[in-house]
Amino acid sequence: MAHPLSANVPDGRLQEKWDNYKNQIKLVNPANKRKHTVIVVGTGLAGGSAAATLAELGYRVNSFCIQDSPRRAHSIAAQGGINAAKNYPNDGDTVWRLFYDTIKGGDYRSREANVHRLAQISNEIIDQCVAQGVPFAREYGGHLDNRSFGGAQVSRTFYARGQTGQQLLLGAYQAMCRQISTGQIIMFERREMLDLVVIDGYARGIITRDLVTGKIERHIADAVLLCTGGYGNVYYLSTNAKNSNVTAAWRCHRKGAYFANPAFTQIHPTCIPVSGDYQSKLTLMSESLRNDGRVWVPKKVGDSRLPQDIPDDERDYYLERRYPSFGNLVPRDVASRNAKYACDEGRGVGETKLAVYLDFRESIDRLGKNKISERYGNLFEMYERITGENPYEVPMRIYPAVHYTMGGLWVDYELQSTIPGLFVLGEANFSDHGANRLGASALMQGLADGYFVIPYTLGNYIASTKLTDADTSHAAFVEAETAATEKLDRLLSIQGTKTVTEYHRDLGRIMWDNVGMSRTAEGLETAVGLISTLREEFWENVRIPGEKTHYNKNLEFAGRVADFLELGELMARDALMRNESAGGHFREEYQTEDGEAQRNDEDFAFVGAWEYTGQNQDPKVHQEYLDFENVQLTTRSYK
């Protein structure tokens, strides 16, 4: 049974809540930790740091990843940096400012206590990663260097060129490897979680499929940690790795875990534009590039001249014009919408006219090519390899693309879902980012959850909960395995005429057109109907070659697309329910005269947590009202 939708936020002043919590929780002594097994699904920054830390404490950890190695988790693709409030540049940053910028950046749709804890922990993350040998950039005096990111007027982002996610993941991976070598972590590669096993109301295990042999496996533990990332691939084209999916989280949702704010999707403004109908994914260009690159389009509609032939007075540096206080470093949702507006006006550039320029000419003249190369060299090289254009000589062409998902499984202050014993970390939970994530905060949240939050909250759960003895022969395991197997058999038995990829692409078009950067009630209602129809057709006409007893990518993707087809409809319903514009959720009916998002705090200052009520049944929404005791709800302005 799901517990009541209570955030379980500790008492006390905001600045004292985390300390109060740690002072009052129950602990598990070192000898008893060795008696408990914990399942960690996912090996990105949240999963890798959690597995390593819990194993270091003495828990037996079973770690699962889809890839052939934990170091291939999608966290490796994060480029720009990780936020912390150390204030090395001495430009006025504090824990409070990081907290406030994060709350404001999320358009006041996140829980104060969680966000403040994240800001408090941020400085410890940097110390932890430096101790692991993460090669952060340093300035001439030897201190760690910082760069600016959107939504802040201070420089608080620590970075390692354009490879920050990779370097942070390698730090967590090395810590995991140490525990694997001692036997504290048992590593299960090439496994996909197909279902959650719930015994007596508590999460006690998972059903997995070996992606190489097709074998269905049962795994039992005292708690399950879900660290499987976001669901941006519901749009088909996104910056996510092709393996990124919602299946583990969605199967937990079907077992009773509420899904919160599914419509809160981040569109990243700085991506390489779509180049063809058969493209399988999009490539991110780090937001850090907006430190030194200037965004512009021609002032004249339909201007087809080469960028170097357009004089400065005929260029519209529209972010600098509209948002003088933040300029090119406005938050991602603001930058993305304005790029769309410029292209909708007919001022887009490139062959498709769905792009804007990101120009480094002035920065190269001012700082020199070597300095720009030192900061962004690998990003420039990646751009040139993909587009064939040299960004040192001509401006980059960029356009918004689906990137991060702020929605996810609902969790309380302890990161526990509505199923006791199921904890959700990192992007897989509905997170601390509200309706829009500020750049460089995903890495911060994943590592905060894994290194510093879950060791306390999991210990409190284990010390406070009496679980019944059970093993993998329990009826709940048999039932879950049977259901997972039957679903695979059903998929293979359809033998229709249309491929999994075709269905995924069709879903992506519906989502992008109706549940993308700009939404309307009419478009969202249309999406609900179209997705429902597409889902019915999928289960009647999809064709999946091969068998379930060996390596079968088509079967893998079919299960994931089936879940995306259910998730997509829920996202449209959530966006339709929320009659306001907030962060990445922009309803055209709710905007100011100058095109900015118009919130409705009186009616929608809540987390919408959706309960699964059964196949083809309308889901039920529950509301966690957000109390803002420490910040004033104001119109979010970056002008």
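Below or above, wherever it landed, is the structure these notes cover. (Residues numbered from 1 in each chain as written. Predicted model: local features only at pLDDT ≥ 70, side-chain atom pairs only at ≥ 80, totals over all residues. Heavy atoms only, no water.)

### A short note on the sheet that holds strand β6 (residues 191-199)
Operational definition: By the convention used here, strands pair only if DSSP detects at least 2 bridges between them. Note on conventions: DSSP H or I runs of at least 4 residues are helices, E runs of at least 2 residues are strands, and numbering of each starts at the N terminus. For every element, the axis is a line fit to its C-alpha atoms; helices are fit only across the contacting stretch, and the angle between N-to-C directions ranges from 0 to 180 degrees.
Within the open sheet, the three strands sit side by side as β6-β7-β8. Their pairing is antiparallel. One side of each edge strand has no neighbouring strand; the edge strands of this open sheet are β6 and β8 (216-220). Ignoring which end each strand starts from, the neighbouring axes of this sheet average 25° apart. With five bridges connecting them, strand β7 (residues 202-210) and β8 associate as antiparallel partners. When the sheet's bridge partners are listed, Thr208 is paired in β8 with Glu217.

### Describing the pairing of β6
So the rule is basically this: Only protein chains enter the accessibility calculation, which uses a 1.4 Å probe; a residue is then buried when its area is under 20% of its type maximum, exposed when over 50%, and partly exposed in between.
The buried count for β6 comes to eight of nine residues, which makes it a mostly enclosed element. When β6 meets β7, the two strands line up antiparallel, connected through eight bridges. Within β7, the position partnered with Met193 by the bridge is Thr208. Linkage of β6 to β7, two consecutive antiparallel strands, is achieved through a turn of two residues, within which Asp200 is found at a positive phi near 55°.

### Here we look at the pattern of salt bridges
Going by this rule: Salt bridges are counted wherever a side-chain nitrogen of Lys or Arg sits within 4 Å of a carboxyl oxygen of Asp or Glu.
Considering all chains together, one arrives at 55 salt bridges under this definition. Put simply, Glu287 and Arg290 hold a salt bridge, and the shortest N to O gap is 3.6 Å. What makes Arg290 buried here is its relative accessible area of 3%. Shared partners join several salt bridges into a network, and the residues in it are Asp107, Arg109, Asp333, Arg337, Arg578, Glu580, Arg599, Asp601 and Arg636.

### Brief notes about the pairing of strand β18 (residues 606-611)
Of all six residues that make up β18, five are buried, and the element is covered over most of its length. Judged from the two bridges that link them, strand β10 (residues 259-260) and β18 form a sheet pairing that is antiparallel. Paired with Ala260 across the strands is Ala609, a residue of β18.

### Observations concerning the sheet that holds strand β19 (residues 620-625)
Definition in use: Contacts: residue pairs with any heavy atoms within 4.5 Å of one another.
An order of β16-β10-β18-β19 is seen for the four strands of this open sheet, with the pairing classed as antiparallel. The outermost strands of the open sheet, each flanked by one partner alone, are β16 (408-409) and β19. Set on the sheet, helix α16 (residues 553-577) makes contact with β10, β18 and β19; between it and β18 the angle comes to about 145°.

### Some points on the packing of aromatic side chains
Convention followed: Whether two aromatic rings pair depends on their centres lying within 6.5 Å, for rings of Phe, Tyr and Trp, where Trp uses its six-membered ring; planes under 30 degrees apart make the pair stacked, over 60 edge-to-face, and the rest tilted. We count a charge as sitting over a ring when the NZ of a lysine or the CZ of an arginine lies within 6 Å of the ring centre and within 35 degrees of the ring normal.
Under the counting rule described, the total for this entry stands at 24 aromatic pairs. A ring pair is formed by Tyr21 and Tyr413, whose centres lie 5.9 Å apart and whose planes are at 70°; its orientation type is edge-to-face. With Tyr21 in helix α1 (residues 17-24) and Tyr413 in the loop between β16 and β17 (422-424), this pair connects stretches of sequence that are 392 residues apart. Judged by relative accessible area, Tyr21 falls into the buried class, the value being 8%. On the basis of relative accessibility, which here comes to 1%, the residue Tyr413 falls in the buried class. Ring geometry for Phe360 against Tyr376: centres 6.2 Å apart, planes inclined by 55°, an arrangement best described as tilted. With Phe360 in the loop between β14 (356-359) and α10 (361-367) and Tyr376 in helix α11 (residues 369-387), this pair connects stretches of sequence that are 16 residues apart. The class of Phe360 is buried, set by a relative accessible area of 1%. Put simply, the rings of Trp18, Tyr21, Tyr413 and Tyr456 pair up and form one aromatic cluster. Lying across the ring of Tyr392, Lys369 places its NZ or CZ 4.8 Å from the centre. Cation over ring: Lys498 sits above Tyr503, and NZ or CZ is 4.5 Å from the ring centre.

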